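Architecture at a glance
Now for the letters of each chain:
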Amino acid sequence: MLYDITTYRIVRQKKGDNQYIEKHSHADYFHYMYVLNGKGRVIIDGHEIQLEKYDMMLAPPEIEHEIFGVKDLICLDIKFSCGEPLFAFLVECGYLIRGLSAYEDRLMRDIFDEAVNARPLYVHAIDARLLEFLFQVLRRKKQGIEMVACQEESKNFQPEAGTEKQKKVQPVIDYIKTNLGKSIQSSELAAQMGYTEAYFSTLFKECTGYSPSKYINILKVEKAKEMILYTTDSITQIAGRLGFDSVHYFSKVFKQITGITPSSYIDRSRVNMMINVLKGSSLLPPEGQYEIPIKDITERDPDS
């Protein structure tokens, strides 16, 4: 392939205010670190960079970098390799992206979601999404774009604009997205539009591909996965904040949509975690080649 890529390992890790990862580099492999929450500091190739939520460090092979937690730093690390000409393009992209777009953030969370769920063909899905993200990185470089900080809004399941029917449904879509913390009923939405529930459900499915209840549950589950990724909330807390009457019903809906229970999803995704994407593969480098242990700042050599 012209742009061949191999994702080896995905790590989600929290670094406390007094913790750091000592100076290191990776031979032949890229290390991209996406800040999910909190603040951090990186010294890379002699440059000091302050990192916040939605920022990403880009460490090419052989480039030394040191990572510090500043305030509840939670980050998603992706370790990958690629062939020419992509390799040559990426090493010219610098060391930082300030503020991923909503679309880029979605790609990162999709990569994490694929790794956690490990559905059939997930290795290829991860590589495909990462390659798409890397194309975004190259576009930034080519166009000199400093994109605005990501807005935490779901852009999935957006009906195509254009027809009169779709324009009628759009206010309902907007209402659902801004009220995911409520228990939303199809009858309530139909009443807002002045339609019978049967007619509204038919119209809604024509425009979105989903029944109103399925659409609402999909968005709620997407938000739940985001809360699992970005917070340490319990299943009970997440269910309550998303307007579910009971944890049991929330778990049932979550499993129907994702294939696993929320507790399993949390077990697989809580900090700290490491996913070897190429499990059992001879291509997987030794663990020590990637993972440098977290240390307390008091252990750091002041002369380093």
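Considerations on empty space enclosed by the protein
- Under the counting rule described, the total for this entry stands at one cavity of 30 Å³ or more.
- Looking at the largest cavity, its volume works out to about 70 Å³.
- Looking at the largest cavity, the residues that line it are Arg106, Arg109, Phe112, Asp113, Glu222, Lys225, Glu226, Leu229 and Tyr265.
- Elements with a minimum of two residues in the lining of the largest cavity: helix 2 (102–117) and helix 7 (212–230).
- Residues of the lining of the largest cavity, tallied by class, amount to three nonpolar, no polar and six charged.

Points about the packing of helix 4 (residues 164–178) against helix 6 (residues 197–208)
- Here helix 4 crosses helix 6 at 95 degrees, and the two axes come no closer than 10 Å. When the axis of helix 4 is compared with that of helix 6, the two are roughly perpendicular. Contacts from Lys165, Gln166, Val169, Val172, Ile173 and Ile176 in helix 4 reach Phe200, Leu203, Phe204, Glu206, Cys207 and Thr208 in helix 6.
- Each residue belonging to the contact of helix 4 with helix 6 can be placed in one class, and the counts come to eight nonpolar, two polar and two charged.

Examining the environment of Met227
- Structurally, the position occupied by Met227 is in helix 7.
- Taking relative accessible area as the criterion, Met227 reaches 12% and is therefore assigned buried.
- Considering only alpha carbons, one finds Met227 and Ile238, eleven residues apart in sequence, at a separation of 7.3 Å.

Digging into the packing of aromatic side chains
- Scanning all chains against the criterion turns up 14 aromatic pairs.
- A connected cluster of aromatic rings, assembled from ring pairs, spans Phe244, Tyr249, Phe250, Phe254 and Tyr265.
- Positioned above the aromatic ring of Phe68, the side-chain terminus of Arg41 is 4.1 Å from the ring centre.
- Here the basic side chain of Lys220 rests over the ring of Phe244, its NZ or CZ set 5.4 Å away from the ring centre.

Here's the deal with unusual backbone geometry
- Backbone torsion omega between Glu84 and Pro85 reads 5 degrees, so that peptide bond is classified as cis.
- The topology assignment puts Pro85 in the loop between strand 6 (65–82) and helix 1 (86–90).
- The phi dihedral of Leu121 falls on the positive side, at around 70 degrees, and the residue is not glycine.
- As for its placement among the helices and strands, Leu121 is situated in the loop between helix 2 and helix 3 (122–143).

Points about the packing of helix 2 against helix 7
- At a minimum axis separation of 12 Å, helix 2 and helix 7 run at an interaxial angle of 85 degrees. When the axis of helix 2 is compared with that of helix 7, the two are roughly perpendicular. The residues of helix 7 that touch helix 2, namely those facing Asp105, Arg106, Arg109, Phe112 and Asp113, are Glu222, Lys225, Glu226, Leu229 and Tyr230.
- Looking at side-chain class alone, the contact of helix 2 with helix 7 contains three nonpolar, no polar and seven charged residues.

Looking at the pattern of salt bridges
- This model, assessed by the stated rule, comprises 15 salt bridges.
- Between Glu222 and Arg106 there is a salt bridge, with the nearest N and O atoms lying 3.2 Å from each other. Of this pair, Glu222 sits in helix 7 while Arg106 sits in helix 2, placing them 116 residues apart in sequence. The exposure classification of Glu222 matches that of Arg106, with both residues buried.

Some points on the confidence of the model for the protein chain
- The predicted model of the protein chain averages 83 in pLDDT, with 84% of residues at 70 or higher.
- When pLDDT is averaged over each helix and strand of the protein chain, the minimum, 50, is found for helix 11 (residues 287–290) and the maximum, 95, for strand 5 (residues 56–59).

Reading the values: rules and limits
Residues numbered from 1 in each chain as written. Predicted model: local features only at pLDDT ≥ 70, side-chain atom pairs only at ≥ 80, totals over all residues. Heavy atoms only, no water. 1 Å grid on protein atoms, 1.4 Å probe; cavity = no way out; pocket = protein on both sides within 12 Å on 5 of 7 lines; lining within 4 Å. Points joined across faces, edges and corners; volume = space filled by probe spheres on them. Helix = DSSP H or I, 4+ residues; strand = E, 2+ residues; numbered from the N terminus. Nonpolar A, V, L, I, M, F, W, Y, C, P; charged D, E, K, R; others polar. Axes fitted to C-alpha atoms, helices over the stretch in contact; angles between N-to-C directions. Parallel < 35°, antiparallel > 145°, perpendicular 65-115°, else oblique. Contact = heavy atoms within 4.5 Å. Buried < 20%, exposed > 50% of the residue type's maximum accessible area, 1.4 Å probe, protein only. Phe/Tyr/Trp six-rings, centres within 6.5 Å; stacked < 30°, edge-to-face > 60°. Lys NZ or Arg CZ within 6 Å of the ring centre and 35° of its normal. Salt bridge = Lys/Arg side-chain N within 4 Å of Asp/Glu carboxyl O. pLDDT = per-residue confidence, 0-100.

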